[in-house]
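# Structural overview for review
Here are the chains, one letter per residue:
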Amino acid sequence: MDLRHLRYFIAVAEEGSLTVAAEKRLHTAQPSLSRQMRDLEAELGCELMIRGAKGIELTAAGRVFLDYARAVLVQVEATIEATRRAAAPAKASFVLGFLTGHEFDWLPAVMRIMRDELPNTEVVILSLSSPDLADGLMRGKIDLAFLRHERNAPGIVFTRLIDEPLIVLMPADHRLATHGAIAVEDIVGEQLVGVPHDKSPALRAVTDAYGAKLGIDLTPDHYVDNLSMAMSLVASTRGIALMPLYARNLLPPTVVSRPLAGVPPTIDLSLGYNEGNTSPLLKTIVSRIGELKFGAR
């Protein structure tokens, strides 16, 4: 498997047609493209797409592979760009990390602050999981990050920004989608999609504590590493997921959200930086971001 296979598969998935992808996107012969897709499926050992008279339909495996294929190409492009920057003359930089998905709400306002305070500095944006952001802060690879208050992050100063309620994600045509709010008792017996402790310890802890308080087992049937994978599994397994409110920023048409009935559990979004970074300018940036009036949306 090489990057060409990933690009070809993405083109077919997005166009919904081998012929259209071959002619309009890839400028190659359709038989050759079909052979490449069969080779890809053979290497993976599973069927990624169903070929029919009306075009291409992705299987559950195909939808998961599509998410990861896109992520791989994004990482490749980031790697190329980072390599080119490394080869260029040195320039002051500030690395800003975001828990994936929160950029939608915070980045425009934060970048205005960064331009005011660091007009001659290159701002590098990273989108990672909360534990990975905490690790980057501890290692001095990231200057400032929007993340959860990670418990195993010695030397990191956290400033709480907002508390987000958990919401319920489900397929758009699920029986509970007609409800204005979802009582947690209503999801008992449903397939649950959730995060593992090592990838999202803060969210796992909040969800487990909520279930324990109500006497309901909220242990996931399917574990996911990120929100994109959660959306795919909710749609493909017809499962239910409890996720922070910001997940609404990433919903595809096949997945909808509903609030939890009653008083929902919440999870923090905080700013974090290494206590060894004593720059007064960093403290100014943290203070200004803390004054942004987003609230718990």
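Just so it is clear, the structure is predicted and the values come from calculations on it, not from any experiment.

Packing of helix H5 (residues 103-117) against helix H9 (residues 280-290) brings their axes to within 10 Å, and their N-to-C directions diverge by 145 degrees. In the packing of H5 onto H9, the handedness of the crossing is right-handed. Residues Trp106, Val110, Ile113, Met114, Asp116 and Glu117 of H5 pack against Leu281, Thr284, Ile285, Arg288 and Ile289 of H9.

With that settled, the discussion passes to the pairing of strand S1 (residues 49-52). Of the pairings in the sheet, the one linking S1 to strand S2 (residues 55-58) comprises four bridges and is antiparallel in character. Following the sheet pairing, Ile50 is matched in S2 by Glu57. Connecting S1 to the antiparallel partner S2 that follows it, the hairpin turn spans two residues.

Volume-wise, the largest pocket comes out at about 1500 Å³. Lining of the largest pocket is provided by 46 residues; of these, Gln75, Thr100, Leu126, Ser127 and Leu128 occupy positions nearest its centre. Going through the elements one at a time, helix H4 (60-87), strand S3 (93-99), strand S4 (122-128), helix H6 (130-138), helix H7 (201-214), helix H8 (227-237) and strand S9 (240-244) are the ones with two or more residues in the lining of the largest pocket. Ranked by residues supplied to the lining of the largest pocket, first place goes to H4 with twelve residues. In this model, the second largest pocket occupies a volume close to 370 Å³. Along the walls of the second largest pocket sit 15 residues, with Arg63, Met231, Ser232, Pro252 and Thr254 positioned nearest its centre. Elements with a contribution of two residues or more to the lining of the second largest pocket: S2, H4 and H8. When residues of the lining of the second largest pocket are assigned to their parent elements, the largest contribution, five residues, is made by H8. Taken together, the residues that form the lining of the second largest pocket break down as eight nonpolar, three polar and four charged.

The rules we used
- Residues numbered from 1 in each chain as written.
- Predicted model: local features only at pLDDT ≥ 70, side-chain atom pairs only at ≥ 80, totals over all residues.
- Heavy atoms only, no water.
- Axes fitted to C-alpha atoms, helices over the stretch in contact; angles between N-to-C directions.
- Helix = DSSP H or I, 4+ residues; strand = E, 2+ residues; numbered from the N terminus.
- Left-handed = near helix turned anticlockwise from the far one by under 90°.
- Contact = heavy atoms within 4.5 Å.
- Pairing = 2+ DSSP bridges.
- 1 Å grid on protein atoms, 1.4 Å probe; cavity = no way out; pocket = protein on both sides within 12 Å on 5 of 7 lines; lining within 4 Å.
- Points joined across faces, edges and corners; volume = space filled by probe spheres on them.
- Nonpolar A, V, L, I, M, F, W, Y, C, P; charged D, E, K, R; others polar.

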